[in-house]
Amino acid sequence: MDTNRLSNTIAKALNDQMTAEAHNAEIYLSYGAWASEKGYDGIANFLFRHSAEERNHMMKILEYILKRGGKVVVSAIPAPGPDPKSVSDCFQKVFKSEVQNTASIYNLVNLSMAEKDWATWNFMQWFVKEQTEEETMAMDLLAKVKIAGGDAAKDDALYALDNDLAKMPDDAKLAQDTTVDNP
């Protein structure tokens with residue numbers, strides 16, 4: 001008996017997104033290794049934690065495909081690309097990667113809506129919120145790097161930034177969580 005409740009189109013899109021999440025994990029992992037090699041252990045720790053988070057996203061999608069009776073297709077993960085040239089370049093690349101991932105998530109949401117696959121549409125809402133957090137986090141990092149001096153940041157500013165990121169929480173504060181009492 002066939003228990004698959006995913007269309008071929010949605011199953012392919014979910015599998016592609018699973019690969020994209022694995023790719024993002026590799027990007028964070030690669031940039032974390034780069035930061036560690038440069039002596040930025042706080043930045044490296046932050047990036048390594050986010051690599052693990054991206055792998056968790058991949059696993060959520062994998063499990064969802066299985067729970068809907070679909071076939072998981074594990075594909076080759078593209079290489080993360082060249083090392084960043086600077087801390088500023090690192091976080092610009094992180095932001096770009098997150099924006100691209102958001103577009104991919106939105107495409108999956110649109111596809112599930114077009115096919116009236118409400119289970120997948122509902123499942124993807126968690127990722128919509130997560131991408132809002134990821135983009136906010138990346139923008140916050142860009143703002144911190146800009147304050148530190150951007151590409152021209154001096155060692156003392158990068159040292160402070162490195163220490164800040166070692167303690168920075170993994171979740172960004174979202175607009176929808178803001179209240180008068182909690183600005």
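Further up the page is the structure itself.
Being a predicted model, the structure only gives us computed values, none of them experimental. (Residues numbered from 1 in each chain as written. Predicted model: local features only at pLDDT ≥ 70, side-chain atom pairs only at ≥ 80, totals over all residues. Heavy atoms only, no water.)

1. Quick look at the overall build of the chain
In terms of regular secondary structure, the chain is built from five helices and zero strands. Across the chain, helices and strands are ordered from the amino to the carboxyl terminus as α-α-α-α-α. Dimensions of the chain, computed from C-alpha atoms along their principal axes, come out at roughly 65 × 45 × 20 Å. A total of 183 residues make up the chain; the buried ones form 43% of that total. When contacts within the chain are restricted to residue pairs at least 6 apart in sequence, those whose partners lie at least 24 apart make up 81%. (Helix = DSSP H or I, 4+ residues; strand = E, 2+ residues; numbered from the N terminus. Buried < 20%, exposed > 50% of the residue type's maximum accessible area, 1.4 Å probe, protein only. Contact = heavy atoms within 4.5 Å.)

2. A closer look at helix H2 (residues 41–67)
Over its 27 residues, H2 extends 39 Å from the first C-alpha to the last, a length consistent with the 39 Å expected when each residue adds 1.5 Å. Just past H2, the residue Gly69 takes up positive phi, approximately 80°. (Expected span 1.5 Å × (residues − 1).)

3. With respect to the packing of helix H1 (residues 8–37) against H2
Two elements in contact, H1 and H2, have axes separated by 8 Å at closest approach and are oriented at 165°. Judged by the inter-axis angle, H1 sits roughly antiparallel to H2. As for how H1 packs across H2, the hand of that crossing is left-handed. (Axes fitted to C-alpha atoms, helices over the stretch in contact; angles between N-to-C directions. Parallel < 35°, antiparallel > 145°, perpendicular 65-115°, else oblique. Left-handed = near helix turned anticlockwise from the far one by under 90°.)

4. Details of unusual backbone geometry
For Lys116, which is not glycine, the phi dihedral falls at a positive 55°. Turning to its location among the elements, Lys116 is positioned in the loop between helix H3 (87–114) and helix H4 (118–148). You can call Lys116 exposed: its relative accessible area is 60%.

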